[in-house]
Amino acid sequence: MPHKLRRLLAGACLVAAPLLYVAGLVVDPALRAGDAADGAYGRHPGQVSVSAALLHWSWVLLVPGIIGMIHLVRRRAVLFGHVAGAVALLGVVNFSALMLGDFFYARLEADLGTAEGDRLADAAFAAGGALWGFQVPGFLGLLGVLLLGLTLAYDRQVPWWAPPAMVAGMLAGPVYPIGMIAGSLLYIAGAGVIGVRMLRMSDAEWAQAPSGNVAVTV
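Points about the pattern of salt bridges
According to the stated counting rule, one finds four salt bridges in the structure shown. Residues Asp155 and Arg75 are paired through a salt bridge, measuring 3.0 Å at the closest nitrogen-oxygen approach. Residue Asp155 is found in the loop between α8 (130-154) and α9 (162-172), and its partner Arg75 is found in the loop between α4 (45-71) and α5 (78-98); the two are separated by 80 residues along the sequence. We classify Asp155 as buried; its relative accessible area is 1%. On the accessibility criterion, Arg75 (31% relative accessible area) is partly exposed. Between Asp111 and Arg107 there is a salt bridge whose closest N-O contact spans 3.1 Å. Of this pair, Asp111 and Arg107 are both found in helix α6 (residues 100-112), four residues apart, which corresponds to roughly one turn of the helix. The class for Asp111 is exposed, based on a relative accessible area of 52%.

This is the structure in structure tokens:
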């Protein structure tokens, strides 16, 4: 793949991923319901389908963005940055897989009622090892994203505030309503500034290790 295409793909994905993430949260009927969230998936299975699909693709699009971030780790803490990037990649794909569970919760709640549907879905997740097989690796992946971003900040490739804002936004986003508002802004700003930095780079900057100090541009 040509350098320009890889650069544009990575940058565009980092810009698009938080937008899809926020859209998926907004569409989620349980988050919007607040205190009335019990049984919301069974009452609105169509909205759940849209929300889960958007969230799934938000995690998928993050993968090319992370690969682009790894590519930029070239001068300082190179080994550390690549290990952090590998953890990030292996982690975030687990969150993508977890989105499939929303479809099961919605269908089971709609057909069997909230109590029985949730019981069966919870039992299925427990039997499948969702906690240690998907959730824990997923959160380790977010730690990897943070450390990878801080490696780029240490190399003066991105602002220091961007990686913490990016990860804090992911974590705070599902907390309705204040967390969703603040988290959405943080995630969009943190990932966006890194993505735009990639989009503004020249092909030579992207392909070769830069010489001298690299000023952070937004």
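From this point, the discussion proceeds with the structure in view.
Re the packing of aromatic side chains
Applying the stated rule across the entire model yields five aromatic pairs. Summarising the aromatic geometry, the rings of Trp59 and Phe95 are spaced 5.0 Å apart at their centres and angled 35° between planes, so their arrangement reads as tilted. Separated by 36 residues along the polypeptide, Trp59 in helix α4 and Phe95 in helix α5 bring together distant segments of the chain. Comparing Trp59 with Phe95 shows no difference in burial state: the two are buried. Ring centres of Phe95 and Phe139 lie 5.2 Å apart, and the angle between their planes is 85°; this geometry places the pair in the edge-to-face category. Of the two residues, Phe95 sits in helix α5 while Phe139 sits in helix α8, which places them 44 residues apart along the sequence. For Phe95, a relative accessible area of 8% gives the class buried. Note on Phe139: relative accessible area 49%, which makes it partly exposed. Three or more aromatic residues joined by ring pairs form one cluster here, namely Tyr21, Trp59, Phe95, Phe139 and Tyr187. Looking at Arg76, its charged tip hangs above the ring of Tyr154, at a distance of 5.1 Å from the centre.

Let's talk about the environment of Pro2
Mapped onto the elements of the fold, Pro2 is located in the segment before α1 (3-27). A relative accessible area of 54% means that Pro2 is categorised as exposed.

Observations regarding the confidence of the model for the chain
Predicted confidence across the chain gives a mean pLDDT of 89, with 94% of residues reaching 70 or more. Per-residue pLDDT, averaged within each element of the chain, yields its smallest value for helix α2 (residues 29-33) (83) and its largest for α9 (97). Long-range and interchain partners of residues 210-218, a stretch whose pLDDT sits below 50, account for 17 contacts in this model, where long-range means more than four residues apart.

Observations concerning the layout of surface pockets
There is about 710 Å³ of room inside the largest pocket. Lining the largest pocket we find 26 residues, and of these Leu55, Leu98, Met99, Asp102 and Pro174 sit closest to its centre. Residue assignment for the lining of the largest pocket shows that the elements contributing at least two residues are α1, α2, α4, α5, α6, α7 (114-127), α8 and α9. Considering every element that reaches the lining of the largest pocket, the biggest residue donor is α8, with five residues. Partitioning the lining of the largest pocket into residue classes produces 20 nonpolar, two polar and four charged. If you add up the space inside the second largest pocket, you get close to 230 Å³. Listed by contribution, the elements that provide at least two residues to the lining of the second largest pocket are α5, α6, α7 and α8. At four residues, α6 tops the list of elements feeding residues into the lining of the second largest pocket. When the residues that make up the lining of the second largest pocket are grouped by side-chain class, the tally is ten nonpolar, three polar and no charged.

Parameters and conventions
- Residues numbered from 1 in each chain as written.
- Predicted model: local features only at pLDDT ≥ 70, side-chain atom pairs only at ≥ 80, totals over all residues.
- Heavy atoms only, no water.
- Salt bridge = Lys/Arg side-chain N within 4 Å of Asp/Glu carboxyl O.
- Helix = DSSP H or I, 4+ residues; strand = E, 2+ residues; numbered from the N terminus.
- Buried < 20%, exposed > 50% of the residue type's maximum accessible area, 1.4 Å probe, protein only.
- Phe/Tyr/Trp six-rings, centres within 6.5 Å; stacked < 30°, edge-to-face > 60°.
- Lys NZ or Arg CZ within 6 Å of the ring centre and 35° of its normal.
- pLDDT = per-residue confidence, 0-100.
- Contact = heavy atoms within 4.5 Å.
- 1 Å grid on protein atoms, 1.4 Å probe; cavity = no way out; pocket = protein on both sides within 12 Å on 5 of 7 lines; lining within 4 Å.
- Points joined across faces, edges and corners; volume = space filled by probe spheres on them.
- Nonpolar A, V, L, I, M, F, W, Y, C, P; charged D, E, K, R; others polar.

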